[in-house]
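Spelled out, the chains give:
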Amino acid sequence: MNTTEDEATAVIADARTRIDDLDARIAELVRERITVSEQIQRTRIAAGGRRVHLSRELEILRRYREALGRPGTQLAMTLLELCRGRGTSER
Ligand SMILES: O=C(O)C(=O)C[C@]1(C(=O)O)C=C[C@@H](O)C=C1
């Protein structure tokens, strides 16, 4: 049996509601990640270290690539950029 146009409209509207909810939760998780990451960076800098920890970033990039394939690397790079925030040039 073919899906009628009305049924398709209802399925799509329902799925879009779920996507909007997922996107809101993802954004909230990203904000939480930024807060935790800033705490680590502040602590390291206060102890005389650098904001950026390259080997840790490579570990994160690898983990995202393993979980999501090649685009996962891009996603991880964007996340790390967001988390390094305003202090990217501050080493
Ligand atoms: O894990 C750390 O040491 C962090 O500082 C956190 C974090 C991250 O957001 O994941 C941020 C900056 C570093 O370059 C590496 C990783």
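Residues numbered from 1 in each chain as written. Predicted model: local features only at pLDDT ≥ 70, side-chain atom pairs only at ≥ 80, totals over all residues. Heavy atoms only, no water.

*Asks:* Summarise the site of the ligand; cite the residues concerned and give the values.
*Replies:* Among the 13 residues in the neighbourhood of the ligand, the closest are listed as Arg33, Ser37, Arg44, His53 and Glu57. Ser37 has a polar side-chain atom sitting 2.7 Å from an oxygen atom of the ligand. Here an oxygen atom of the ligand and a side-chain polar atom of Arg56 are 3.4 Å apart. Starting from 360 Å² of accessible surface for the ligand in isolation, the protein chains cover 93%. (Near = heavy atom within 4 Å. Polar contact = N/O pair within 3.5 Å; in protein donor to acceptor, adjacent residues only side chain to side chain. Areas by Shrake-Rupley, 256 points an atom, 1.4 Å probe, with all protein chains shown as cover.)

*Asks:* Lay out helix H2 (residues 54–68) in plain terms, naming residues and giving numbers.
*Replies:* Look at H2: 21 Å from first C-alpha to last across 15 residues, which is about the 21 Å you get at 1.5 Å a residue. Along H2, the positions that sit buried rather than exposed are Glu57, Ile60 and Leu61. The arc that holds the buried residues of H2, viewed along the axis, is 100 degrees, so those residues lie on one side. Seen from the buried face of H2, the exposed residues on the opposite side, beyond 90 degrees, are Leu58 and Glu66. Directly beyond the C-terminal end of H2, a positive phi value near 80 degrees is found at Gly69. (Helix = DSSP H or I, 4+ residues; strand = E, 2+ residues; numbered from the N terminus. Expected span 1.5 Å × (residues − 1). Buried < 20%, exposed > 50% of the residue type's maximum accessible area, 1.4 Å probe, protein only. Arc of directions from axis to C-beta.)

*Asks:* Tell me what's going on with the pattern of salt bridges, and back it up with residues and numbers.
*Replies:* Summed over the entire model, instances satisfying the criterion amount to five salt bridges. For Arg31, the salt bridge identified is with Glu28, shortest N-O distance 3.1 Å. With a gap of three residues between them, Arg31 and Glu28 both fall in helix H1 (residues 5–46), about one helical turn apart. With relative accessibility at 49%, the residue Arg31 sits in the partly exposed group. Notably, a salt bridge pairs Glu59 with Arg56, separated by 2.9 Å at the nearest N-O pair. (Salt bridge = Lys/Arg side-chain N within 4 Å of Asp/Glu carboxyl O.)

Take it as geometry only, folks, not as evidence of what the structure does.
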